Amino acid sequence: MFEVRAELVVTVLLWVSLGFYGFSALWWLFETTVLSRGWRTDDRLVWGPEDVQVRILTVDAEDVVQATVDAIPEEIPDVHVVAERPMTVAGATVHVVPSAFTCEAANKGRAVEWARRHVACDREYVLYLDEDTLMTGFDGVPDADVVQFSELPMFTGSRLAYLCEVFRMGYQYEQRGFHRLRYPLYAWGGAVAVRRSVEARVTWDAKTLTEDTNFVWRAARDVRATYALVDAKFRNQAPPSVRALIRQRRRWISGSIDDDSHLAWRYRPLYATRIVAWAFSPLVPLLVVAAYVHPGTAPNFALYAGIATGFGLLLYVYTALGAVSYGKSLPLALLYVALTPVAVVVHAAGAMWGVLSPVRTFEVTEKVVPERLVDAHPEMEPGDLTDEDGRRSVDQTAD
């Protein structure tokens, strides 16, 4: 009797796990091959740099923010830093969020909401940058309510964290299909530009750990906001340690779970499937091993093994696409692809932690100062960090 129950448990776990992961994988393929058609906006940049106000969010990372400001194209003169503590930044107007200011939003969302209410703006768009985001390849903004600028995180000292970011960049190819969805599935990346009139209607005044995704979902729900992706590949920092990366992923998944009430009901099963697939995908190989330990437990196990292998190979495709985004040479790309299982486990660790024990407080991901970032890339020449072309070989040290 015990053996029969054990076999039944293994069988159910095998097929349920494959169903969750398979649905998520097939949806990714559908986004990248079907929904992605017509995603490019480079030839439809209706609004120029003069139509954009930049706002940089920080606590008090003055040196990091200064490098970010230095990388902003000269054609954008309207630059503001929204900080929690006083600082001096050349080339930008610094605003300090008063400690007495209160609203529904907290932490970073509170600062963004204060800026929405108190920083004057007569431009069409407000472009929000994280404190470490370097604008590269910026030529303008397409005519959409919410515009996502793609990212390309730089190596900051942890090769394992950097590997996970390469993997994530490949997975985020699915963003090319978001313009055909009413609800883009997330809005983290290099930067987000928001049409000022839409921002005024939606506001940032909501309690959340992932204010960008929360805003996009509410904008889609309340004003049917349109979405576009620009492949500018803004440069930002990969987490400097595996610990920082895991905590970042935990916050992302926790915030997404808390905010899914803003999604239409038809989107929630899809999003729940993706969360489970992300968090528990490393367990699938263990279940396969369990099936071999208990031979004959899963009906049509040969079919199961074939399907699972096919979906497993898709993980390697994510890494390969990420390596292509970074312009890696073929030998290096193959090395990164070979390390895919390591990236999958580490990338999923924070998500699993967030599902099992959601975080309730906001934690800023650690950033490194420009001097340390340059030290991590000895091949860089003076000025490369803020070079506007953004496509220099600044990742060779990580290889």
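Heads up: the structure comes first, above all this text.
Residues numbered from 1 in each chain as written. Predicted model: local features only at pLDDT ≥ 70, side-chain atom pairs only at ≥ 80, totals over all residues. Heavy atoms only, no water.

## Some thoughts on the overall build of the protein chain
Tallying secondary structure elements over the protein chain gives 13 helices and seven strands in all. Looking at the protein chain alone, contacts between residues at least 24 apart form 80% of all its contacts between residues at least 6 apart. For the protein chain, the computed accessible surface area is about 17300 Å², with 59% contributed by carbon and sulfur atoms. (Helix = DSSP H or I, 4+ residues; strand = E, 2+ residues; numbered from the N terminus. Contact = heavy atoms within 4.5 Å. Areas by Shrake-Rupley, 256 points an atom, 1.4 Å probe, with all protein chains shown as cover.)

## Considerations on helix α12 (residues 340-356)
If you check α12, its first and last C-alpha atoms are 24 Å apart, about what 17 residues at 1.5 Å a residue would give, namely 24 Å. At Ala349, α12 shows its maximal bend, which comes to roughly 30°. Residues of α12 that are buried include every one of Thr340, Ala343, Val344, Val346, His347, Ala348, Gly350, Ala351 and Gly354, and no others. (Expected span 1.5 Å × (residues − 1). Bend = angle between axes of the 7 residues up to and from the residue. Buried < 20%, exposed > 50% of the residue type's maximum accessible area, 1.4 Å probe, protein only.)

## Some remarks on the packing of helix α4 (residues 159-171) against helix α7 (residues 242-259)
Where α4 meets α7, the axes come as close as 8 Å, and the angle between the chain directions of the two elements is 35°. Read as a crossing pair, α4 and α7 show a hand that is left-handed. On α7, the residues touching Leu160, Ala161, Cys164, Glu165 and Arg168 of α4 are Val242, Leu245, Arg249 and Trp252. (Axes fitted to C-alpha atoms, helices over the stretch in contact; angles between N-to-C directions. Left-handed = near helix turned anticlockwise from the far one by under 90°.)

## Overview of the sheet that holds strand β5 (residues 146-151)
The mixed open sheet is built from seven strands, whose spatial order is β3-β2-β1-β4-β6-β5-β7. Both edges of this open sheet fall to β3 (93-96) and β7 (227-234), since each of them pairs with a single strand only. Between one strand and the next, the sheet's axes are offset by a mean angle of 25°, whatever the strand orientation. The sheet contacts of helix α3 (residues 107-118) involve β1 (52-57), β2 (79-83), β3 and β4 (125-130), and relative to β1 the element is tilted by about 145°. (Pairing = 2+ DSSP bridges.)

## Section: the environment of Leu35
In this structure, Leu35 sits in helix α1 (residues 2-35). Relative accessible area serves as the criterion here: at 12%, Leu35 is assigned to the buried category. Measuring from C-alpha to C-alpha, the distance between Leu35 and Gly177 comes to 4.5 Å, with 142 residues separating the pair along the chain. Not counting residues within four places of it along the chain, the set of residues in contact with Leu35 comprises Trp27, Phe30, Arg176, Gly177, His179, Arg180 and Leu181.

## Description of the packing of α4 against α12
Running from N to C, α4 and α12 point in directions that differ by 95°, and their axes come no closer than 9 Å. Here α4 is positioned roughly perpendicular relative to α12, judged by the angle of their axes. When α4 is examined against α12, the residues Leu160, Leu163, Cys164, Phe167 and Arg168 are found in contact with a partner set consisting of Thr340, Val342, Ala343, Val344, Val346 and His347. Residue composition of the contact of α4 with α12, by class: eight nonpolar, two polar and one charged. (Parallel < 35°, antiparallel > 145°, perpendicular 65-115°, else oblique. Nonpolar A, V, L, I, M, F, W, Y, C, P; charged D, E, K, R; others polar.)

## What about the nonpolar core?
The tendency in soluble globular proteins is for nonpolar side chains to be buried as a group. Formed by 74 residues in total, the largest nonpolar core has its most connected members in Leu185 and Tyr318. Residues Val81, Ala83, Ala144 and Ala191 belong to the second largest nonpolar core, which totals 28 residues. (Core = buried A, V, L, I, M, F, W, Y, C linked by side-chain atoms within 4.5 Å.)

## Here we look at the pairing of β4
In the case of a regular strand, side chains alternate between the two sheet surfaces. In terms of residue burial, β4 counts as a mostly covered element, since five of its six residues are buried. Strand direction decides the pairing type here: β1 and β4, joined by six bridges, are parallel. Bridged to Leu57 within β4 is Asp130. Judged from the five bridges that link them, β4 and strand β6 (residues 191-195) form a sheet pairing that is antiparallel. When the sheet's bridge partners are listed, Tyr125 is paired in β6 with Arg195.

## Quick word on the pattern of salt bridges
Across all of its chains, the model carries 19 salt bridges by this definition. A salt bridge links Asp122 to Arg123; the shortest N-O distance between them is 3.6 Å. Residue Asp122 is classed as exposed on the basis of its relative accessible area of 65%. Between Arg221 and Asp222 there is a salt bridge, with its nearest N and O atoms 2.7 Å apart. (Salt bridge = Lys/Arg side-chain N within 4 Å of Asp/Glu carboxyl O.)

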